[in-house]
Amino acid sequence: MTTLPKDDLQRALAVARDAVVWKLEGLGEYDVRRPVTPTGTNLLGLVKHLANVEVGYFGPPFGRPFGEPTTWDDPGAALDDDLWARADETRDDIVGLYRRACAHTDATVAALPLEAEAEIPWWPSDRRRTTLHRLLVHVIAETNRHAGHADIVRETIDGAAGLRAGNPNLTHDDPAAWQQYVATVERAARDAAGRV
């Protein structure tokens with residue numbers, strides 16, 4: 001089967017997007033919003049951030065305005081305001097924004113060749129000029145990175161783990177097997193630390 005590079009890139013991005021949004025399913029409002037790490041990482045904030053990423057890289061840099069405001073467009077926003085949800089922002093608002101941002105990206109990708117040039121003003125001057133191809137690779141990597149964050153945050157909240165809906169991609173489905181595995185890893189860590 002032969003596929004085009006652009007199709008492969010878009011498929012990889014779509015899989016990562018779905019994984020991030022899937023991590024919200026089944027959780028209440030508090031759990032999708034609450035900070036789980038010392039730096040405040042939270043599930044809904046990851047989705048909001050990724051909406052800004054998609055618009056920021058695939059909208060104005062290609063002369064394709066998004067048509068609605070984002071946190072990155074707000075000159076009064078603090079640096080981390082795209083990484084958490086205000087109480088007046090609903091889950092549907094943020095997931096809807098992400099879906100619209102993704103559709104905007106998909107339209108940009110469909111309309112332009114991979115060699116289309118863009119300038120990312122916040123990047124260092126030596127690599128500020130870039131292409132659609134490089135930006136797709138960049139955003140796929142960033143989305144997958146945040147999907148990994150979402151995996152850990154979700155598992156910390158309620159123990160739910162897995163790659164995506166219908167494909168957990170885990171070696172065990174038995175809680176006792178996981179307890180045994182964790183005990184083995186813990187024992188190895190303590191043994192290694194004892195040898196230092």
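Above this note sits the structure.
None of these values were measured; they are calculated from a predicted model.

Enquirer: Before we move on, could you go through the overall build of the protein chain and cite the residues and values that matter?
Expert: Within the protein chain one finds 6 helices and 2 strands. Judged by the C-alpha coordinates and their principal axes, the protein chain covers about 55 × 45 × 40 Å. For the protein chain, the proportion of its 196 residues judged to be buried stands at 37%. Of all intrachain contacts in the protein chain linking residues separated by at least 6 positions in sequence, the fraction that spans at least 24 positions is 69%. Taking the average place of the 22 positive charges on the side chains of the protein chain and the average place of its 30 negative ones, the gap between the two points comes to 3 Å.

Enquirer: Describe a nonpolar patch on the surface, and please don't skip the residues or the numbers.
Expert: Side chains of Tyr181, Val182 and Val185 sit close together on the surface and give an oily, nonpolar patch of about 280 Å² of accessible area. Note on placement: Val185 falls in helix 6 (residues 175-194).

Enquirer: Give a detailed account of the nonpolar core, specifying residues and quantitative values.
Expert: One finds Leu24, Leu43, Leu44, Val47 and Tyr98 to be the most contacted residues of the largest nonpolar core, which totals 25 residues. Those elements that place two or more of their residues in this core are helix 1 (5-22), helix 3 (43-58), helix 4 (91-111) and helix 5 (132-158). A per-element tally of this core places helix 3 first, with 7 residues. Excluding its chain neighbours within four sequence positions, the residues that come into contact with Leu24 are Val32, Leu43, Leu44, Val47, Arg91, Val95 and Arg154. Among the nonpolar cores identified, the runner-up in size contains 17 residues, and Phe58, Val109, Ala116 and Ile120 belong to it.

Enquirer: Help me get a handle on the side chain of Lys48, residues and values and all.
Expert: Residue position: Lys48 is located in helix 3. Here Trp84 takes part through its backbone oxygen, which lies 3.0 Å from a polar atom of the side chain of Lys48.

Rules behind the numbers
Each chain has its residues counted from 1, following the order in which its sequence is written. Given that the model is predicted, a residue must reach a pLDDT of at least 70 before its local features are reported, and side-chain atom pairs must reach 80 or more before they are shown or counted; all residues, however, enter totals for whole chains, interfaces and linings. Side-chain numbers here rest on the full set of heavy atoms in the structure, without hydrogens or water. Secondary structure follows DSSP: runs of H or I at least 4 residues long count as helices, runs of E at least 2 residues long count as strands, and numbering of each begins at the N terminus. Three labels apply to residues, based on accessible area from a 1.4 Å probe with only protein chains included: buried if under 20% of the type maximum, exposed if over 50%, partly exposed otherwise in between. Whether two residues are in contact is decided by their heavy atoms, any of which lying within 4.5 Å being enough. By the counting scheme adopted, Arg and Lys are positive, Glu and Asp are negative, and His together with the chain ends is not counted. By convention, the point assigned to a charge is CZ for Arg, NZ for Lys, CD for Glu and CG for Asp. Surface patches are defined over residues having more than 30% relative accessible area and no salt bridge, joining like charges when they lie within 9 Å and nonpolar side chains (Val, Leu, Ile, Met, Phe, Trp, Tyr) when within 5 Å. Computed with a 1.4 Å probe, the accessible areas rest on the Shrake-Rupley method; for each residue, only the protein chains presented here act as cover. Criterion for a salt bridge: a side-chain nitrogen of Lys or Arg within 4 Å of a carboxyl oxygen of Asp or Glu. Each nonpolar core is a collection of buried residues, namely Ala, Val, Leu, Ile, Met, Phe, Trp, Tyr and Cys, held together in the definition by side-chain atoms within 4.5 Å. Polar contacts, as used here, are pairs of N or O atoms within 3.5 Å; protein pairs need one atom able to donate a hydrogen and one able to accept it. Residues neighboring in sequence count only if both atoms are side-chain atoms.

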